[in-house]
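Take a look at the letters that make up each chain.
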Amino acid sequence: MKYTQLGRTGLKVSRLVLGTMNFGPQTDEPTSHSIMDAALGAGLNFFDTANVYGWGENRGRTEEIIGTWFAQGGGRRDKTVLATKVYGNMSGQDDPWPNHDRLSALNIRRAVEASLKRLQTDHIDVYQFHHIDRRTPFEEIWQAVDVLIQQGKILYAGSSNFPGYKIAQANETAARRGALGLVSEQCLYNLAERRAEMEVIPAAQEYGLGVIPWSPLHGGLLGGVIRKEVEGGRRASGRSADALANTAVRAQVQAYEDLLDKHGLEPGETALAWLLTRPGVTGPIVGPRTAEQLESALRALELELGEELLTTLEDIFPGPGPSPEAFAW
């Protein structure tokens, strides 16, 4: 396993992040435990979750599955860098109650205590804001975070789905308070969706945040979706199906798969390996539903993408270019 520092911190994390969103809704508890054991056994030490995972009336279920895994002992918690998130409403789905969502000091305090209980741990290593809160000032958010750090309940704060200007605003506010501020940003970023390169990733680099891309295969679009249609009759679904309905996007994906066939490479592994070459990226989140999917993701760490291949990938999926040059002179 390869490791790197998380942004400007001294924290060492694996270059792949284990995403747990499927644990509960799609992967049962025993299989989820087996996947986490296999990940930790391979040296993957950075696990990501969120309080809302499990979804609907089962919100919190994913954290509970991680908690029962930690409870087995064997150094599982000590070896894991644990990240979870706060923002979504955790009260009853049919009767959402005020102050049970967003980033008020009240909800942050309530959400941390609930996550710690479900996770069966005394602290969260990286506590992430799942979305910006346009109603709550960062002075209030950082006051709540400072208390939790002093209590030893969280160690670092990170963001998810923040625009570049909010990363700047958050960290400038933290700096005025003499606080560390955000240390990571979790954003949508992959070969097919590169808008983060315009503002988000430059802001993260400027302020020393580690970038943690989610949906590195863009909902399966970069995982050999056309080949699977042809070979197994497995139709695309969700985001990838919507994208393939666009003939220009389908042509891009076909060119991508044809290129990798020529080089004898697997599309999903190549998409992960490409992200590992990108400036500012700590590691992409992989969300395996099975042990086989985890093994495939781990192989991406060994891939060396040559300059010619990287150039051709750039031709197929061109980035937007830096800001402001992307939209101005």
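Rules of the game
Residues numbered from 1 in each chain as written. Predicted model: local features only at pLDDT ≥ 70, side-chain atom pairs only at ≥ 80, totals over all residues. Heavy atoms only, no water. Axes fitted to C-alpha atoms, helices over the stretch in contact; angles between N-to-C directions. Helix = DSSP H or I, 4+ residues; strand = E, 2+ residues; numbered from the N terminus. Parallel < 35°, antiparallel > 145°, perpendicular 65-115°, else oblique. Left-handed = near helix turned anticlockwise from the far one by under 90°. Contact = heavy atoms within 4.5 Å. Phe/Tyr/Trp six-rings, centres within 6.5 Å; stacked < 30°, edge-to-face > 60°. Lys NZ or Arg CZ within 6 Å of the ring centre and 35° of its normal. Pairing = 2+ DSSP bridges. Expected span 1.5 Å × (residues − 1). Buried < 20%, exposed > 50% of the residue type's maximum accessible area, 1.4 Å probe, protein only. Arc of directions from axis to C-beta.

(A) Layout of the packing of helix α1 (residues 29–41) against helix α2 (residues 61–70). One way to put it is that α1 packs onto α2 with a least axis distance of 10 Å and a crossing angle of 60°. Classified by the angle between their axes, α1 and α2 sit oblique to one another. When you trace α1 past α2, the crossing you get is right-handed. Taken together, the residues of α2 that come into contact with α1 (itself represented by Glu29, Ser32, His33, Met36, Asp37 and Leu40) are Arg61, Ile65, Ile66, Thr68 and Trp69.

(B) Geometry of the packing of aromatic side chains. Following the criterion strictly, the structure yields seven aromatic pairs and no others. The interplanar angle of 55° and the centroid separation of 6.4 Å between the aromatic rings of Phe138 and Phe162 together place this pair among those described as tilted. Taken together, the residues span a long stretch of sequence, with Phe138 in helix α5 (residues 138–150) and Phe162 in the loop between β7 (154–160) and α6 (164–176) at a distance of 24 residues. By the ring-pair criterion, three or more aromatic residues cluster together here, those being Phe47, Trp69 and Phe70. Seen from the ring of Phe70, Arg77 lies directly overhead, with NZ or CZ sitting 5.3 Å from the centre.

(C) Seen up close, the sheet that holds strand β5 (residues 81–86). Reading across from one edge, β9-β8-β7-β6-β5-β4-β3-β10 is the order of the eight strands in this open sheet, with parallel pairing throughout. The sheet is open, and its two edges are formed by β9 (210–214) and β10 (285–286), each paired on a single side. Sheet analysis places strand β8 (residues 182–188) next to β9, joined by five bridges and oriented parallel. Pairing of Glu185 across the sheet is with Val211, part of β9.

(D) Highlighting helix α4 (residues 105–119). Its 15 residues place the ends of α4 21 Å apart at the C-alpha level, agreeing with the 21 Å of an ideal helix rising 1.5 Å per residue. Among the residues making up α4, those that are buried are Asn107, Ile108, Ala111, Val112, Ser115, Leu116, Arg118 and Leu119. One face of α4 carries all of its buried residues, which in axial projection span an arc of 160°. Exposed residues pointing more than 90 degrees away from the buried face of α4 are listed as Arg109 and Lys117.

Keep in mind that these numbers describe shape and distance, not what the molecule does.
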